[in-house]
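Architecture and fold: a report
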Amino acid sequence: MCGIVGYIGDSTARSILMDGLNKLEYRGYDSAGIALYNQGQVEVYKQVGKLENLEQVITDEKPQGTVGVGHTRWATHGRPSVPNSHPHTGCDDDFVVVHNGIIENYLQLKEELQEGEHLFTSETDTEVIVHLIEEEYRGNLESAVRRVVAKLEGSYAFVAMAVQEPQKLVAVRQDSPLIIGLKDQEYFVASDIPAVLKHTKDVYILDDEEMAVVTQNGVELSTVEGETVDKEVFTVDWDPGMAEKSGYEHFMLKEIHEQPEALRRAISGRLSNDNSQVIFDELNLSPAEIEKYEKIYIVACGTAYHSGIVAKYLLEDLVEIPVEVDIASEFRYRDPLLDENTLAIVVSQSGETADTLAALREAKSKGAQVLAIGNVVGSTIPREADQVVYIHAGPEIAVASTKAYINMLMVFYLLSIYFAQLKGTISATRTEELIQALKNLPNQVAQLIKDSEDTIAKLADSYVDQNSAFFIGRGVDYAIALEGALKLKEISYIYAEAYAAGELKHGTLALIEEDVPVIAIATQESIMDKMFSNIQEVQAREAHVTGVVLAGNEEVTRSLDRVIEIPSTEEILTSILTVVPLQLLAYYVALKRGCDIDQPRNLAKSVTVE
Ligand code: M6R
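Conventions and cut-offs
- Residues numbered from 1 in each chain as written.
- Predicted model: local features only at pLDDT ≥ 70, side-chain atom pairs only at ≥ 80, totals over all residues.
- Heavy atoms only, no water.
- Helix = DSSP H or I, 4+ residues; strand = E, 2+ residues; numbered from the N terminus.
- Buried < 20%, exposed > 50% of the residue type's maximum accessible area, 1.4 Å probe, protein only.
- Lys, Arg positive; Asp, Glu negative; His and termini not counted.
- Salt bridge = Lys/Arg side-chain N within 4 Å of Asp/Glu carboxyl O.
- Polar contact = N/O pair within 3.5 Å; in protein donor to acceptor, adjacent residues only side chain to side chain.
- Contact = heavy atoms within 4.5 Å.
- Axes fitted to C-alpha atoms, helices over the stretch in contact; angles between N-to-C directions.
- Parallel < 35°, antiparallel > 145°, perpendicular 65-115°, else oblique.
- Nonpolar A, V, L, I, M, F, W, Y, C, P; charged D, E, K, R; others polar.
- Core = buried A, V, L, I, M, F, W, Y, C linked by side-chain atoms within 4.5 Å.
- Expected span 1.5 Å × (residues − 1).
- Domains from an automatic or database assignment.
- Buried area = accessible area lost by both parts, 1.4 Å probe.
- Near = heavy atom within 4 Å.
- Areas by Shrake-Rupley, 256 points an atom, 1.4 Å probe, with all protein chains shown as cover.
- Pairing = 2+ DSSP bridges.
- Disulfide = S-S within 2.5 Å.
- Phe/Tyr/Trp six-rings, centres within 6.5 Å; stacked < 30°, edge-to-face > 60°.
- Lys NZ or Arg CZ within 6 Å of the ring centre and 35° of its normal.

**Digging into the side chain of Lys46**
- Mapped onto the elements of the fold, Lys46 is located in strand β3 (residues 41-48).
- Buried within the structure, Lys46 lacks any salt-bridge partner; Glu127 is the closest side chain of opposite charge, at an N-O distance of 7.9 Å.
- A polar contact of 2.7 Å, which involves the side chain of Lys46, links it to the backbone oxygen of Ser85.
- Here Pro87 takes part through its backbone oxygen, which lies 3.0 Å from a polar atom of the side chain of Lys46.
- Here Lys46 is in contact with Ala32, Gly33, Leu54, Val82, Pro83, Ser85, His86, Pro87 and His88, once residues within four sequence places are set aside.

**Thoughts on the packing of helix α13 (residues 403-423) against helix α18 (residues 575-592)**
- It is at 10 Å that the axes of α13 and α18 come closest, and there the two elements cross at 170°. In terms of axis orientation, α13 runs roughly antiparallel to α18. Contacts from Tyr405, Ile406, Leu409, Met410 and Tyr413 of α13 reach α18 at Ser575, Ile576, Val579 and Val580.
- A breakdown of the residues in the contact of α13 with α18 according to their chemical character gives eight nonpolar, one polar and no charged.

**Here's the deal with the nonpolar core**
- Judged by nonpolar contacts, the single largest core of 133 residues is most densely connected at Met410, Phe419 and Phe471.
- Per-element accounting of this core gives the leading share, 15 residues, to α13.
- Contacts of Phe419, omitting those with residues within four sequence positions, involve Leu285, Ile290, Leu315, Val319, Leu343 and Leu371.
- Of all hydrophobic cores here, the second largest spans 28 residues; its members include Leu141, Val149, Met211 and Val213.

**Observations concerning unusual backbone geometry**
- Along the chain, His86 connects to Pro87 via a cis peptide bond; the corresponding omega equals 0°.
- On the secondary structure map, Pro87 appears in the loop between β4 (67-73) and β5 (88-89).
- Look at Gln185: it is not a glycine, yet its phi comes out positive at around 50°.
- At Glu320, a position not held by glycine, the phi torsion is positive, near 60°.
- Note on placement: Glu320 falls in the loop between α9 (302-318) and β16 (323-327).

**Here we look at α18**
- A rise of 1.5 Å per residue sets the reference length of α18, with its 18 residues, at 26 Å; its end C-alpha atoms lie 26 Å apart and thus fit the reference within 8%.
- Within α18, 16 of the 18 residues are buried, which leaves the element mostly enclosed by the surrounding structure.
- Remark: Gly594 follows α18 within two positions and exhibits a positive phi of approximately 70°.

**Considering the domain arrangement of the protein**
- In terms of domain boundaries, the protein breaks down into domain 1 (3-236), domain 2 (240-426) and domain 3 (446-598).
- Using only C-alpha atoms to locate each centre, domain 1 and domain 2 end up separated by 32 Å.
- Each side of the interface is counted separately: domain 1 has 17 residues, and domain 2 has 13 residues.
- Taken as a group, Lys23, Tyr26 and Leu197 account for 32% of the area that domain 1 buries against domain 2, more than any other trio of residues on that side.
- Inspection of the domain 1/domain 2 interface yields three salt bridges.
- Its residues assigned to classes, the side of domain 1 that touches domain 2 comprises nine nonpolar, no polar and eight charged.

**Regarding the site of the ligand**
- Near the ligand there are 14 residues, and of these Ser348, Gln349, Ser350, Thr353 and Glu490 occur at the shortest range.
- Glu490 is positioned such that a nitrogen or oxygen atom in its side chain is 2.6 Å from a nitrogen atom of the ligand.
- If the ligand stood free it would expose 420 Å²; the protein chains cover 90% of that surface.
- Two domains share the shell around the ligand, each providing at least three of its residues, namely domain 2 (240-426) and domain 3 (446-598).

**Examining the sheet that holds strand β20 (residues 468-473)**
- If you trace the five strands from one edge of the open sheet to the other, you get β21-β20-β22-β23-β24, paired in parallel fashion. Both outer strands of the open sheet, β21 (495-500) and β24 (562-566), are each paired with one neighbouring strand and no more. Mean inter-strand twist for the sheet, computed between neighbouring axes without regard to direction, equals 20°.
- When β20 meets β21, the two strands line up parallel, connected through six bridges. Within β21, the position partnered with Gly473 by the bridge is Ala500.

**Overview of the state of the cysteines**
- Scanning the model with the defined rule gives zero disulfides in all.
- Cysteine Cys2 remains unbridged, with the sulfur of Cys301 as its closest cysteine sulfur at 18 Å.

**A short note on the sheet that holds β16**
- Taken together, five strands build an open sheet; the order of strands is β16-β15-β17-β18-β19 and the sheet is parallel. The outermost strands of the open sheet, each flanked by one partner alone, are β16 and β19 (387-390). Across the sheet, the mean angle separating the axes of adjacent strands is 20° when strand polarity is ignored.
- Bridge analysis of strand β15 (residues 295-300) against β16 gives five bridges, and the strand direction is parallel. Residue Ile296 lies in a different strand from β16, and its bridge partner there is Val323.
- Sitting on the sheet, helix α11 (residues 354-365) is in contact with β15, β17 (342-348) and β18 (369-374), with an inclination near 165° to β17.

**Considerations on the pattern of salt bridges**
- Summed over all chains, the structure comprises 33 salt bridges.
- Ionic pairing is found between Asp207 and Arg383, a salt bridge with its closest N-O pair at 2.3 Å. Within this pair, whereas Asp207 is found in the loop between β11 (202-205) and β12 (210-215), its partner Arg383 is found in helix α12 (residues 380-384), the two being separated by 176 residues in sequence.
- On the accessibility criterion, Asp207 (28% relative accessible area) is partly exposed.
- Using a relative accessible area of 33% as the deciding quantity, one classes Arg383 as partly exposed.
- Connected via shared salt-bridge partners are Arg173, Asp175, Asp208, Arg361 and Glu384.

**Digging into the packing of aromatic side chains**
- In the structure shown here, the tally under the stated rule is eight aromatic pairs.
- Relative to Tyr137, the ring of Phe95 has its centre 4.9 Å away and its plane inclined at 65°; by these criteria the two rings are edge-to-face. Here Phe95 is found in strand β6 (residues 95-103), whereas its partner Tyr137 is found in the loop between α4 (127-136) and α5 (141-149), with 42 residues between them in sequence. Side by side, Phe95 and Tyr137 carry an identical accessibility label, which is buried.
- Residues Phe280 and Tyr418 carry aromatic rings whose centres are separated by 5.3 Å and whose planes lie at 70° to one another, so their mutual orientation is edge-to-face. Within this pair, whereas Phe280 is found in the loop between α7 (259-267) and α8 (287-292), its partner Tyr418 is found in helix α13, the two being separated by 138 residues in sequence. Accessibility assignment for this pair places Phe280 and Tyr418 in one class, buried.
- Every member of this aromatic cluster is reached through a ring pair, and the members are Phe280, Tyr418 and Phe419.
- Lys50 extends its terminal NZ or CZ atom over the ring of Tyr29, reaching a point 5.3 Å from the ring centre.

And the structure:
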């Protein structure tokens with residue numbers, strides 16, 4: 001949560017910082033601010049709400065300067081207001097701090113500082129950092145920051161500036177991401193790669209308890225204790241255009257349309273030349289190890305968690321190992337039963353989700369092997385896991401996850417086949433059939449978007465004025481119902497719930513009445529009769545039923561009020577296709593309701609606090 005940027009170089013910092021904040025706005029958009037050093041003083045500009053509000057108070061001339069920091073906030077301590085916005089200054093405006101994370105002992109520190117006559121102007125935890133720097137400053141900013149860090153408890157990444165040392169930024173990381181972008185005599189500090197991509201692909205990724213002292217002469221890396229750190233420059237393989245809207249009205253729509261290409265990247269290099277084998281060169285897993293695992297835990301949050309529910313069906317079916325899927329925020333508080341015979345798979349697009357990271361650490365502490373499925377290369381979760389598989393979705397900017405989800409599914413498909421090959425639970429013929437079906441999916445998704453987008457945009461009209469919607473499905477279709485409901489509620493603010501279709505009659509059916517919208521996902525041939533009965537149960541209560549069904553299923557199609565057809569594929573692989581119309585439906589309903597699609601209220605893309 002919260003996005004941090006910093007710049008030092010010979011260009012005007014204002015536009016570089018504003019552009020960086022624009023790329024980081026997905027991390028929080030309750031308020032934004034920048035601070036620039038100019039002619040012996042620091043000028044601070046802050047506004048509540050989105051970045052566009054800040055843009056309105058900044059002109060082509062103001063503020064001036066070639067050194068500065070910026071921040072876009074997702075409020076934790078203190079409501080969104082100008083005093084609570086970052087950058088924060090101390091009592092006499094000589095120091096400036098932008099911060100991401102939570103200082104857990106801030107109340108105690110604040111009381112001590114107030115006793116020492118420090119005057120606080122905000123309700124934030126962050127403000128203690130800048131007052132502590134004021135207290136500890138003796139002519140050298142990095143030394144002051146080291147003494148301050150020793151007093152802080154919690155998770156944080158922050159960047160500090162001092163008026164007395166105007167050509168210097170000091171950045172520290174503890175449990176919140178921070179990178180340093182490197183260009184000739186220009187340096188950038190940021191919470192995430194998209195903020196610097198326009199300027200450079202070369203970055204240092206800070207680890208916990210590391211500090212960067214950034215001046216125009218270069219970057220000095222050290223631990224917070226003061227030991228020099230020698231770190232390799234990491235070269236990002238993302239294209240700057242990947243973090244732009246490229247003519248689409250919203251990032252979400254662009255990312256939905258990018259899905260065929262994203263899927264191709266997820267498959268690329270992971271099939272043998274003759275398409276008879278799945279290959280994961282990056283994994284170091286022997287048949288004996290797979291044989292050893294008595295249980296697999298999949299742990300994640302939100303959409304990533306939903307990909308795990310699909311994976312449970314795949315892994316249990318193909319690899320014959322029991323799978324439990326857990327919500328990361330619950331996992332470590334219930335003393336889960338893991339040991340060295342357990343494989344824990346943690347899934348996270350951002351690689352920074354605090355609950356998922358905590359679950360990873362919990363699993364490791366109990367002796368389980370941890371495999372991370374991630375998207376952002378170099379992010380914390382992949383770096384702390386024993387093994388990593390990247391989904392290669394490219395940067396995902398919209399808060400509502402689409403292409404990352406579909407690529408998580410693809411990676412789970414590939415992993416399930418790979419594990420099954422190692423364990424000997426899949427025949428060569430079956431492997432080839434599944435691989436062939438997987439290879440067809442990118443083109444099928446492209447065709448599906450082309451064929452269904454206009455129809456779904458029209459269908460959205462009938463949802464615009466609804467207060468609620470129900471998604472039902474069985475088996476893998478239930479997992480997709482969960483994701484479809486999350487997409488709709490997240491961006492359109494319509495109350496949407498997903499139910500295993502057979503469970504309706506145990507309570508929820510009481511909510512179904514005339515014209516209540518029900519979206520029935522019915523692609524599982526082996527349980528189609530049961531699903532058909534459930535559709536009839538809601539129709540008997542006069543619900544308005546839209547079905548997502550396999551093309552050509554006349555019997556089910558005839559009974560539905562509206563139909564969205566998906567192309568045929570292997571029964572266990574339908575989920576990648578089924579979710580696409582649900583993403584489009586959520587998008588067009590939200591669009592027609594005038595919602596803020598890429599930045600839905602109260603949310604942020606990367607949830608780095610518990
Ligand atoms: O970065 P992660 O995959 O760990 O994020 C997990 C969730 O916060 C995320 O999937 C969230 O549910 C999405 N906004 C849903 O669209």
